[in-house]
Structure formats: structure tokens, C-alpha cells
Amino acid sequence: MTIEARMQNLVKQTADDITACGNACDTYAKKRLIVKVIKGSVWESTLKTYIDIFAKRRKDFTFALAIHTGAGVDDANRKLDTLDHKMDAIMEFFAKAISPEQQEMAALVQRKGGPTAVMGNPEALSELLKFKPTAVTTATKRGEREAPQHSSHPAENDLESLRVELFESPAVAIRNNLEVFERKLKMQQREFAEEMLGLVHHEGDRVIDAVTSGPHDKIIDPDIHEIWKEMRWRGHVKARHFVLALRDYYRQQIDVKKRARGENLITSIHDDDEWALEWININRLQAIAEAFDDDASGFITIAEVNQFTSSRPKDWSLLHWLAYWAIGWQMTATYYRDKVVELLAKMFAMRPKIHNANTEAVQKYLLTVYRRATTLTSSFICTYQDDSLKARFQSYVDAEEQRLREGLETVRYDIDAMDTLTLITGPGRIEKSLFPLLYLLLKRDFEIFRLCQKMIIHKDELWDAADTIVWVFDAVVYRHNDLEALFKQQRLDPVQQFKAYASELFDYWHDDAKFLSLENLRELEWTEFEYVEENEEQNVDSKTILNYPSAVHNLYNIPDDIVSDSDALADNDVKSILGRWYGLIGAERWPITAIVSFCFHASADTNTYEASDVAAHGTGYTIHGDYTKKDDGTIEYNFSRTYIARLRKTYFTGTLDEDGEKLSGSWGYSETEKPYRFIFWKNVSPEILIARPPPSEFEENKTKALWKYALTAAHNEVRRKMFSWSYLKERRAIRKEYLELLENESNNLTTLADLDRFAVLDRTATCEDVRCFYVLSDYQRRSVPTHLANCDTCGERIHGARMICIQCRAKDTLDFCDKPACREANKTREDITQTHVPTHTFVKVRTVLNQTRDIGKLLRMSDAGLERARKLLDSSAEAEAGSAASDNDGTELKTETKKVEGPREEADAAGTGADVKVTALTCVSCSSLVSYPCWYCIDCSADARVFVCVDCDEKNGGVTVGDHLDTHSLVSCKLKVAEDDTEKNTEQRLSSVEGKLAALTAQMERIEKLLESLAVSRSS
């Protein structure tokens, strides 16, 4: 046998093991610190498995080579023993190689009762989330860079995402990460291939003969070599001096060329490159220095010079390359920056057209992305040059965009770690490709937004898209922190340096307090773009855009009941349990969940069995089991169910009946204690199973229960096939009640009576029905606005309508619930100069605002709308008062008042002739006359003059009439109460109280005298 034949399978197995190990390490590396500590023992055993695998593979290689080369078996065994000792040393090293942060976190977990206790204690997990290791704090004090805390989750969802990670087993996490890791591996392989093929030798590059020559001899480019040699620089030079010397060198070259016109003189400047000299000037010194000085140290090294010159396009001269970084990069960044602004503006313009079920996902995406994106786009200094200059750089710009696009397509636009981002952007500064990268990511997300108008997307689709962009922002944080530390080391003011570096890209990022202050947002007007569907690309395939199946396709799990190869090879005892099972699980109540459905398959070893499915509430799970034979010959099946998130692992032990159609036994949350009961049936459809009475009825009278079971099943079958009205009405009632119970559960309002009703409904609805109920409940919750603000009175998150005071000038808005107790409360806060009182003017918002983009426009519209509404109300009141006065005087009023019902578009034309001067204002809903207090719509056009009376708004939670929608924002119209009038009224009330008290005192004195006189008269 040849060495190739002997080693072929072994090499393939080893390659697969390396991929699997890399995937496991990649999965573990992406876990947050708290997960690594709490789940450390589980992950340790998982990763140790690969050490054992590679040790075995090395032994296999050694043994195979020993046989092929004819080496002695004893010699091979000695080598293998040595290998075992080395592996023991590696294992010992891994046990000791724990970071100080991890040790500190582990000690804190132990003080709180250990990993198991912490996993079941939400308060402890919340405290651990806020924990910052001492090592990080110390590094911050020393001015060292602190890694950004990656999180695309809102703070209230961070605990939930942590619980998902903690309850996810390593096997499931590794399996879920495999597809992402394979994309990353594919990208690395492509990068290695390109690196081998892309060793470009530019025309004119020098060949370095000896590494031991002078410093200038290490420089590849001949022009810079001559400059470095002439200036007698050593290993590095100040960036400013280098750029000035470079400018002077090229000026000298062009002067020599001009003087030698007509002569056969060879210079380094081609005629086609003379245009570039215009941009190599003192004004562009900063930009050129940044291009060479990648680490922003203020010095340019020989390595940086060689890196810069070798990275230029193959057909470009050095002068062309310098001109690109002098002006071309800023031009390119401006182009992509404007594209980013346009895409974000269109996303906001699209919000009213988004399907209600997708609204929450869209709002969370914009909350995560917009603030930081606009901080970058707003601080960047743009430059606009003529198209002829742009054309000189277009080939490189297009090539770079294509390179980034191919990288993103390889990973399916899902950046899961910083190393993935580096593979896409390449080495060097993030600012080089920041705006093109953001543009490509937002362009794909914009297409998802378009799909959100007409289909319900998976809830994680935009979540992952936002998380991908957060990784880009994390790279910006790294770069900013590096620059800030360097500026401080050089004793430079970071504030002033960021106003010059990279066209001021990091200026607002460094300090956004003034830029994002409420006062500035009141005046700031963002760029607006109208979204027109017809103007966008129409042939977009959703399959190429979405990474998850749509919500409709994900509603039901596809059965996997096909017999596998392992099923056919399984032993007889395992074959008895294989197939589709339906059943119920009970505890204090029967049942405690909806009908369970799964299909057992034999595992690869044919002695065990497994299953995987999705529970009715949407959480996936896996089942693994084996069996044991007891002394009496009974086969006992033991299996465990592990959820991918949140829920505890459960253990089952049961036996089959004589027909092998029923599996019953006990279950619990530990392998040793199983106090609860379960029953599973094979070949019994869930439509029949829902007719089965509870076990208590079988225990009381089995015959009666069986008759009831048969009659109910037959009756249900007939009604279902006939689509009878009673059957449809019953299903509708079950659905409505189940949705009400789920709403109570989501609001933490579940009672014992609700749990009893859950038990009844769970055994009268199929698992598919209950799965549908959970999906419908999720869609309903998505459509209810959850504002990104807490009530300043009760402190709770605001749902439904959000009341914002537009009179109190504060650092942040004063927000209130639409509950009377909250909106009618007085409120003091450190950032307001006077007490907020209920008489202040509110704007009522029923859509979720993006605080950065929307709040300023809302406040401006509220002020303008309030002024407009008061003029209308005052004019209407004056007209009514004049009409009443004329009626009392008996005179004829020349100006009539016309009452117009419904929308106000035709109000001005509703009268006859010019006699109609004032239109009576009515509620858009009930058409009754309105006056102070009332609501005025600021989203409808000014000509519409849409008012809503207080009663209609309170009763209906917003009204929809014509063009006016219940989601429009309303400003409250109240009579003006001047502050001095308020003080005067207070003094008057106090004086009145004092006068009444004085009168009461005098009256009491008269009563006392009267009583005394009565007492004297009786005694006499």
C-alpha cells in the first residue's frame, strides 16, 4: 500500500477535526466573560475533547509513518509515550492559563452561591452584567485602551440575551455557529490565495540586495529611496518633515523636466501625472501624513513607507497614489457619506408604510444604528470636486467597493466578531473603508426595510443586521481610543486634534454632548428624502437578501419522519421507540404545556436515539436517550430534553405498553428525582388526542372516560370535516381566550385561575394551534408601541401613548404615561428650573420616536401647531361671543359662523359667498364643537384644521377619520395660565382662607358666650 493511500483518509479526518476545533474555539471566543465563567466547566470539557482528538491523530500519523518507513514498533511506542507526556503538560498549562478578569469574575460568582445558583437568580445576573473587573479599571486609570463592550441589545434586553447564552449548551452553540464559521474560513482561504497571487511588482520598484545595507536601502520605491538617502534619515522620520521633503522633491523634478523640454531626459514624473502635483501641497500635508502614518504616532517608519507604496494599484504611479490620499479619499468618503445619509433618511421616510408586525424590529434597528451613524456623518468635513478629478480615482474606488461587497456576500452580511470585520476590510485604519462599508451594509438593510412593507420578517433579521453595524462602530471605538491615547502621550489636546484628523471624522464621536443636546436637536434639521417605491430597484429577490426564513414560513416545523439509515441499523429495543410521538406532560396541573410532538431517530451508534423539534412557544429543543434492561426483562427508556435557550433541562424515564403504542412514566428536573407524570402515544393524531379526558377521570371511572373519549373524538371529527359553525365558533373562542392569557403572561399578570385555564386549553388545542397562538400573540405585541422612555412619575417604561411636556426646558424631555395619575402629577427634576405642573402643554405621541432624529422636529411642529390651534380657537370663541352679544342686542350679525363636520379640507369652500368668515371648529370624530381644552393634530396639514375632543381621544385611544390616523401626534390646547396670575390666585385663595378662619373664630367666640350665659341662667 502506498503512503498516499495509507494517509488519505487520515488526512481528511484531521482536516475535518481542525475545522470542527476552529469552529468550537470561534464559538467560545465570542462568548462574553460572564458566560465563560459560569459555563466554564462545561466548555472546558468540550474543548479538552479536541486535545484528545489531536493527540490521537498524531499517534495515528506517527504509527502510519513508522509502518511505511519500516521503523520499529518499539521506537514508535517510545515516541507515542513522549507525546503523552507533552499532552499532559499542555493540559496543565490550559488549567493555569486563566486571565485575571476571569479569575475575579469567578470569585464573585462563587460568593453569590456558584454557577447553578447564579443562573437561577435574575438579580445576581443583573449585578454581574454591571461588573467591571479591577484589571480593566486599573488600565483605564493608566490611560490604556479599554475594549468596547459590544452590545446591540437595549439595556432591558441584555439580561434576556444573557439567559439565552447561559441555557444554550456548547454542542448547540457550536452547531449554530458552524455556518458562520465556514463562511469566515472560506474568506480566509480566498485571502490567502489572493495574497499569493497578488505579490505585485510595481514598475520601477527597487530590488533590495542586502538587508544589512543602510536604512534607505530597505525602501522599495526608488523616489522615496533617493529622498531618504539624501536626507540621511535613519529608521524613522517625523511625518511633517517627510511630507515636506516629498513635496520639494517632486517640485524639483517638475522644474528639471520643464527646463529640459525637448531634451531626452528621463524623470520619475510622467506627463500623465503632472496634474497630481496640484494636490501635493502644504494644505494637504495632514491628509498625506495620515496615509503614511497608519498608527498616528507622528513618525513614519521604513515599514510604513513600504506598506504604503506596495498597496497602490498596479497601474498607478506613486504620484497618482499620493494624490488619491491628498484629495481622492476625502472625495470618495464624501460620496459614500452622502449615500449613507440618503439611505438612512429613506428608512425613516418608510416607517409609516412598515407592516405593524415589523414595526418594533424596525424601531430597534434605527435606535441601534442611527445615533452613532449620524455622529460620524455629521462631523465629517465634505469636499466636492469636479467630475474630471473624480474619474482619475474611479477605477480604484470601484475595485475597493467590489472587494468589500464580495467579502460581505461571503459572510452573508453577518459580521459576528472583530476578526471577521478585519477579514472584510483588510489591515489598516478603519476610516479608510468606513463609509463604503456602512453604505454597503445599509443598502442591504434598506432592501430588508422594503420587504418589511409587504411581508412579516423573522424577528432576528434586523437584529443581526444592526449587530453587524455595531461591530463596525466597535472598530471605530478601538481606533478612537488608540488615537486619544497617542495624542495624550504626545501631550496634545485630543479635542483640538480630532478637529483636524481624518477630516474631523472623530470630532463628534469624541464629544457628542453639545451636538446631541436637546437644545441643539430643537434647532437641527436633518436631511429629508422622500421614499418612492417606483423609483427603487424592482427585481430584488428576497432569498438573496434575507438570512432567516420569513415568519410565515417559520410558523410550523417541517416533520422529519423519514426513516434514516441509522433507523434501519438500530437494534430491536431502539427500533421499538422510533417514530412520531404525541403526548402530554403534567405536574401540579394536567397538562402544564401544550401537546408535545417529536420524532425519535436512531443515533449514529445505533444503540441510542435522539430527536429535535420546536415547542409550541417557539423554542427549539433536542432529545437524547438510551435504554436499560431490568432484571425482570422490562426495557426502561431514559432520555433528556434540552432547550436551546431559557428553559431548564428535563429528564424522563418510561416504559412501553404491550402494543408499543404508549410510552408512560415519570419526569423531573434532575436525573435522580422525577416526581411528575407523562404519557406519549404513537399513531394517535393530535386532533384525536385533544378529545382525551384528563387522567383524573380515568382513575375515577375508566369505562366512562373511554366512552367520553370515543364520543368526543368522533363528534369533533364530524364537525371538523363539515366545517360546522359550532366547531369554528369553538376554535375562535379558544384562540381569543388563549391570546388574552398570553397577554396577561407577558405583562406578569398571570393568576392561579389563568394557569388552570391554560391547562384546559392546552389539552383541547393541538400543538400546531398553540404554536399559531404564540405567533399571533407575538405579532400583536410587536404592533403595540413601546417607547424608548420611562415615565417621570411612575418610572416604568411607557407603552401606548407618550406624553411629552413642551414647556419645560430641560436637558432631556419630561415624559409621562397617559394614565391620569401620571400626567396630572407635579414633577421636579434637577435639570428644570421650575416645577412641572399639569397645566403645562403636552404633545401626545403614539408612535415610537427616534430621540436623535425625531424629537427636534416634533418639538418644532408642536410649537407651531399650538400657535396655529390657539389662533383658530380664539377666533372661533370671539365669533361665538360676538354672535351671542348680537342676539342679546337684537341686532343682525353680518359675519356668520359655519359648522363643518368631518375633515376640514373643504372648510373654506363650504359656505355660500363671502359671508362665511369663521368656521366653527368641531371634533374630527364626533363632530361636536370643540373649545379649550382639546387636542390638535400636528401631522395633518394646516388647512385640514383637525381637532379631537378630549372624550373621543380618551375613549378610543386615538381616532382614524379620513387622512387623520390614530397614530398622529396631538398637541394639547389649554387656556393660557400666566405664572404671575398663578401666584396672584394663590395669594387670593390664602387670603380667603384666612378670612374664613377669622370669621369662624369670631363665631366660635359668640357660641362660647352664649353657652356661658345659658349656664349662668340655669344655675340661678
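Residues numbered from 1 in each chain as written. Predicted model: local features only at pLDDT ≥ 70, side-chain atom pairs only at ≥ 80, totals over all residues. Heavy atoms only, no water.

## Points about helix 5 (residues 100-111)
Then comes step 1: Between the first and last C-alpha of helix 5 there are 17 Å, a value that for 12 residues agrees with the 16 Å anticipated at 1.5 Å per step.
Then comes step 2: When we look at burial in helix 5, the residues that qualify are Q102, M105, L108 and V109. Mapping the buried residues of helix 5 onto a view down its axis gives an arc of 125 degrees, with all of them on the same face. Away from its buried face, by an angle of more than 90 degrees, helix 5 presents the exposed residues P100, Q110 and R111. (Helix = DSSP H or I, 4+ residues; strand = E, 2+ residues; numbered from the N terminus. Expected span 1.5 Å × (residues − 1). Buried < 20%, exposed > 50% of the residue type's maximum accessible area, 1.4 Å probe, protein only. Arc of directions from axis to C-beta.)

## So, the confidence of the model for the chain
Then comes step 1: For the chain, the mean per-residue pLDDT works out to 84, and 84% of the residues sit at or above 70.
Then comes step 2: For the chain, strand 16 (residues 896-899) is the element with the lowest average pLDDT, namely 45, and helix 19 (residues 434-451) is the one with the highest, namely 97.
Then comes step 3: Across residues 206-212, confidence stays below pLDDT 50; counting only partners more than four residues off in sequence or on other chains, it has 11 contacts.
Then comes step 4: Note that residues 892-916 has pLDDT below 50 and, in this model, 43 contacts with residues that lie over four places away or in other chains. (pLDDT = per-residue confidence, 0-100. Contact = heavy atoms within 4.5 Å.)

## Points about the sheet that holds strand 6 (residues 620-629)
Then comes step 1: Strands sit in the order 3-4-5-6-7-8-9-10 around a closed barrel of eight strands; the barrel is antiparallel. The average angle at which neighbouring strand axes cross in this sheet is 30 degrees, direction not considered. (Pairing = 2+ DSSP bridges. Axes fitted to C-alpha atoms, helices over the stretch in contact; angles between N-to-C directions.)

## As for the packing of aromatic side chains
The description of an aromatic ring pair uses the distance of the two centres, along with the angle that the planes make with each other.
Then comes step 1: Evaluation of the coordinates by the stated rule reveals 55 aromatic pairs.
Then comes step 2: Where F598 meets F600, the ring centres are 4.9 Å apart and the plane angle is 65 degrees; that geometry is what we call edge-to-face. Both residues of the pair, F598 and F600, belong to the buried class.
Then comes step 3: Through a chain of ring-to-ring contacts, three or more aromatic side chains come together here, namely W228, W233, F242, W275, F292, F308, W316, W321, Y324, W325, F393 and Y396.
Then comes step 4: The residue whose ring lies beneath K36 is Y28, and the NZ or CZ to ring-centre distance is 5.2 Å.
Then comes step 5: Seen from the ring of Y621, R641 lies directly overhead, with NZ or CZ sitting 5.0 Å from the centre. (Phe/Tyr/Trp six-rings, centres within 6.5 Å; stacked < 30°, edge-to-face > 60°. Lys NZ or Arg CZ within 6 Å of the ring centre and 35° of its normal.)

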